[in-house]
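# Understanding the architecture of this molecule
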Amino acid sequence: MTEENIFDAAIIGGGPAGLTAALYLARARYRVVVLEKDNFGGQITITDEVVNYPGVAHTTGRELTATMRDQAQSFGAEFRIAEAVGIDAAGDIKTVKTDKGDIRAFSVLIATGAHPRTVGFKGEDEHRGRGVAYCATCDGEFFTGKEVYVIGGGFAAAEESVFLTKYAEHVTILMMTDDFTCAAATAEHAKTNPKITVLPNTEVEEVNSSGSGLDYIRYRNNKTGEVTERNSDGKTFGVFVFVGYAPETDLVKDVVKLDDHGYIIADRDQRRRLRKTAQTGRNSRRRRRDCRDGNGTARGKNAKENGHNACPPQTVGEKHGEYKQSSERKRHGRRRDIR
């Protein structure tokens, strides 16, 4: 590979965090490439309606992240559909091994994120984003005045069930265990809420729809074997799944340190002990956000302002005399960013 193909930064993951980091790096005139194995945009692309993103009254997840990508691309960020399968972090120049060939860069930003754990009941995948949801903040408002079922018995299930009562007519918590597994104080808020019913030892077997939303659910008591079927007769309801997240960190398990749950251990600026590697998004324990562009902003700004931590002080062109900025990128100058 010729020197002109060495990037300042390679970002693994094309969700909101990776796209935002790409914007800040490209805006700072670093040569950056974003690698995504599937579709750019991340999990939010399955959301048909986004109404709580600041400055955007109404859009879809796909439209929102397409705008993010276009904005980063306008400053020179490059995008490639390629699955990262390994990282060689030895030396000043890192190598990201992909199914389409190797990518070489002075720094690597890991924005692989995490995905909600699924339960596996019939209809879960089919109705994901169309009645089956995983984020109360994102989707709770869409079920205003409707019945909602929550699957899970941990902290998130208890806390988010209480939050959902702001919108839902009634919330029924279906948990596989005898009781909540979270702190008693958190569980008590759910147990004593008049709009919440808790059904222990209960597993969902199937959900279905005969129209535009869910109108059928079947669940079973795992101790008595009793099966309950609910057909809402045209009234749709929502099912929220809160059984934890699984970080997408298998790629870096031999490169950076992970905690017992598979999350990357990061400092307050999302940096690794390994020089010139950084992390952003859901795959770290340190931050919890819904649409992780803010985290990507922080990492992009840190990469720009603290070049020795995430990006080298030189661009490829300055160090090797190969890479030349386009006249289009030069014209952008150093305009003030909104932070």
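Refer to the structure above for everything that follows.
Summary of the structure given here. Everything numeric here is computed off the predicted structure, so don't read it as measured data. (Residues numbered from 1 in each chain as written. Predicted model: local features only at pLDDT ≥ 70, side-chain atom pairs only at ≥ 80, totals over all residues. Heavy atoms only, no water.)

What the protein chain contains, in helices and strands, is nine helices and 17 strands. By the burial criterion, 49% of the 339 residues in the protein chain qualify as buried. Put simply, the protein chain shows about 16,800 Å² of open surface, and 45% of that area lies on carbon and sulfur atoms. (Helix = DSSP H or I, 4+ residues; strand = E, 2+ residues; numbered from the N terminus. Buried < 20%, exposed > 50% of the residue type's maximum accessible area, 1.4 Å probe, protein only. Areas by Shrake-Rupley, 256 points an atom, 1.4 Å probe, with all protein chains shown as cover.)

Buried within helix H4 (residues 155-164) we find Ala157, Ala158, Glu160, Ser161 and Leu164. The secondary structure elements touched by the buried residues of H4 are helix H3 (136-139), strand S9 (147-151), strand S10 (170-174), helix H5 (184-191), strand S11 (196-199) and strand S15 (238-241). (Contact = heavy atoms within 4.5 Å.)

For the rest of this paragraph, the subject is the sheet that holds strand S12 (residues 202-208). With respect to topology, three strands assemble into an open sheet ordered S12-S13-S14, the strand pairing being antiparallel. The strands lining the two open edges of the sheet, one partner per strand, are S12 and strand S14 (227-231). The mean inter-strand angle of the sheet, taken between neighbouring strand axes irrespective of direction, is 15°. Where S12 meets strand S13 (residues 216-221), six bridges bridge the pair, whose relative direction is antiparallel. Across the sheet, Thr202 pairs through a bridge with Asn221, a residue of S13. (Pairing = 2+ DSSP bridges. Axes fitted to C-alpha atoms, helices over the stretch in contact; angles between N-to-C directions.)

Evaluated as defined, the whole model comprises one disulfide. Here Cys135 engages in a disulfide with Cys138; their sulfurs sit 2.3 Å apart. Between Cys135 and Cys138, the S-S dihedral sits near 70°, and the bridge is therefore right-handed. By relative accessible area, which is 26% here, Cys138 ends up partly exposed. (Disulfide = S-S within 2.5 Å.)

The subject of this paragraph is the nonpolar core. Ile11, Val32, Ala77 and Phe79 are the most contacted members of the largest nonpolar core, which totals 22 residues. Among the secondary structure elements, those contributing two or more residues to this core are strand S1 (6-12), helix H1 (16-27), strand S2 (32-36) and helix H2 (61-74). Element by element, the count of residues in this core is highest for H1, at six residues. In contact with Ala77, not counting residues within four places along its chain, are Ala22, Ala26, Val32 and Ala72. (Core = buried A, V, L, I, M, F, W, Y, C linked by side-chain atoms within 4.5 Å.)

Considering the arrangement of structural elements, one finds Asp99 in the loop between strand S5 (94-98) and strand S6 (101-110). For Asp99, a relative accessible area of 48% puts it in the partly exposed group. For the pair formed by Asp99 and Gly86, sequence separation is 13 residues and the distance between their alpha carbons is 9.6 Å. Once you skip the residues sitting within four places of it in the chain, Asp99 turns out to touch Ala82 and Glu83.

The strand order S8-S15-S9-S10-S11 describes an open sheet built from five strands, whose pairing is parallel. Two strands bound the open sheet, and with one partner strand each, they are strand S8 (132-133) and S11. One ladder, built from five bridges, connects S9 with S10; its direction is parallel. Along S10, the bridge assignment pairs Val150 with Ile173.

This part is about the side chain of Glu124. Among the structural elements, Glu124 can be located in the loop between strand S7 (114-116) and S8. One buried charge, Glu124, has no salt-bridge partner; the nearest side chain with opposite charge is Arg128, at 6.1 Å. There is a polar contact of 3.1 Å between the side chain of Glu124 and the backbone nitrogen of Val119. A polar contact of 2.5 Å, which involves the side chain of Glu124, links it to the backbone nitrogen of Gly120. Non-local contacts of Glu124, meaning those with residues more than four positions away in its chain, are made with Thr118, Val119, Val132, Tyr134, Val207 and Val241. (Lys, Arg positive; Asp, Glu negative; His and termini not counted. Salt bridge = Lys/Arg side-chain N within 4 Å of Asp/Glu carboxyl O. Polar contact = N/O pair within 3.5 Å; in protein donor to acceptor, adjacent residues only side chain to side chain.)

Below, the discussion takes up the environment of Asp8. For Asp8, the position within the fold is in strand S1. Between the alpha carbons of Asp8 and Val33 there is a distance of 8.5 Å; along the sequence they are 25 residues apart. A distance of 2.8 Å separates a polar side-chain atom of Asp8 from the backbone nitrogen of Arg31.

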